[in-house]
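Structural overview
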Amino acid sequence: MAPNEQIAAEVDPSIYGKSGDIDKHLEGVKAQYDTKEKLEFYAQVMGDGTANIHFGKWDGVNLDEEGAYGKASEQMTDYMFNLASKLKGTDGKVSYVDLGSGTGAAALRLCQKHDSIEKATCLNLCDTQNALATKCAADLGLGERITVVTGTYEDCPFDPDSFDIAFSQDAFVHAFSKAKTFTEALRVTKSGGVFVFCDLMCGSGEGVSDEELATFAATNMVNDWLSPEENVKACIAAGWTDVKFVDLTADIRISFQLMLKKVEKIIEDGNPAKIDDTLLDSYKKNLANRIVQVDRGVFKWGVVHAKKP
């Protein structure tokens, strides 16, 4: 199999292709996530029927247990917030912003678990996801603590020094400009606050060509495809200090494996949720490719954390 055949994704390049135009880029991000078909797919394959559609942290999770993927996704959210709290280093009430919050799953979980979160603000581009997040917050009695705002993390509609913690889970891969994103995160975070995000990043495996990396970026709404080291440097350039990367690439391989297993099971069971058959077939092929790509070093995945002076 040729390199480009391994990395190619079955998508419409007129929608998902790298355009260099920020408005077209944002519309492509919406098309990737904010449709009924995609919401149903992610809920079944990543969220175990819930709204949590993040990649998972698999320490201590039985891969064969029911709801394993949803449990690992929640465990990753917990890991990141605990890390942020430790870096913040003070007790008492905190406010945090989730940049690219998706369905609001992280805020919903964290506000249920931590009374110390006085206010959680979810900033997200996609209207349908935001409506779902707002409804879920109200249904859980969290409407006064969780605010959902429509917008982009590259132009945050918030005053400077608004939050103790800036947080993002699997969203910055779609940033049009990482430099702008990290600068905006710094602007809205209070002095002494912290920045924690996890993301899919560009790998540097032996034999992985620049063409391969560019092909993935060009078909997955990735405009600014940085390695972990480049992300760290970009954070430092934006003004963050004590910037570190925690490599969790082994966990994303498991996430891809479990996603593929779930897609295969949905197809085997006759697709009871009536997810689009073409979408299922496309993801089955692409997820198999993703596992190979992780092994070859095309991707890295992990957490970047930093502090604001």
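Our structure is the block above this text.
Here is a short report on the structure shown in this document. (Residues numbered from 1 in each chain as written. Predicted model: local features only at pLDDT ≥ 70, side-chain atom pairs only at ≥ 80, totals over all residues. Heavy atoms only, no water.)

1. A short note on the overall build of the protein
Assigned secondary structure in the protein consists of 12 helices and seven strands. The burial tally for the protein puts 54% of its 309 residues in the buried class. Partitioning the intrachain contacts of the protein with sequence separation of at least 6 by distance along the chain shows that 78% fall at a separation of at least 24. Carbon and sulfur atoms make up 51% of the accessible area of the protein, which totals about 13,200 Å². (Helix = DSSP H or I, 4+ residues; strand = E, 2+ residues; numbered from the N terminus. Buried < 20%, exposed > 50% of the residue type's maximum accessible area, 1.4 Å probe, protein only. Contact = heavy atoms within 4.5 Å. Areas by Shrake-Rupley, 256 points an atom, 1.4 Å probe, with all protein chains shown as cover.)

2. Describing helix α11 (residues 249-268)
The end-to-end C-alpha separation of α11 is 29 Å, in line with the 28 Å expected for 20 residues at 1.5 Å each. Here α11 has its buried residues at Thr249, Asp251, Ile252, Ser255, Phe256, Leu258, Met259, Leu260, Lys262, Val263 and Ile266. In the segment just after α11, Gly270 is the residue with positive phi, at about 85°. (Expected span 1.5 Å × (residues − 1).)

3. Digging into helix α8 (residues 178-188)
Within the span of α8, buried status applies to Lys178, Thr181, Phe182, Glu184, Ala185, Leu186 and Val188. Considering only its buried residues, α8 is in contact with β1 (94-99), β4 (163-169), β5 (189-202) and α10 (228-238).

4. Re the sheet that holds strand β2 (residues 117-124)
Read from one edge to the other, the open sheet built from seven strands follows the order β3-β2-β1-β4-β5-β7-β6, with strand pairing classed as mixed. Bordering the open sheet on either side are β3 (146-150) and β6 (241-247), each of which pairs with just one other strand. On average, each strand axis in the sheet is tilted by 15° relative to the strand beside it, whichever way the strands run. Of the pairings in the sheet, the one linking β5 to strand β7 (residues 299-307) comprises nine bridges and is antiparallel in character. Looking across to β7, one finds that Cys202 is bridged to Phe299. The strands that α11 touches are β5, β6 and β7; relative to β7, the one it contacts most, it runs at about 130°. (Pairing = 2+ DSSP bridges. Axes fitted to C-alpha atoms, helices over the stretch in contact; angles between N-to-C directions.)

5. Describing unusual backbone geometry
Positive phi values are uncommon outside glycine, yet Asp161 reaches one of about 60°. Considering the arrangement of structural elements, one finds Asp161 in the loop between β3 and β4. Notably, Asp242 is not glycine yet its phi reads approximately 50°, a positive angle. The topology assignment puts Asp242 in strand β6.

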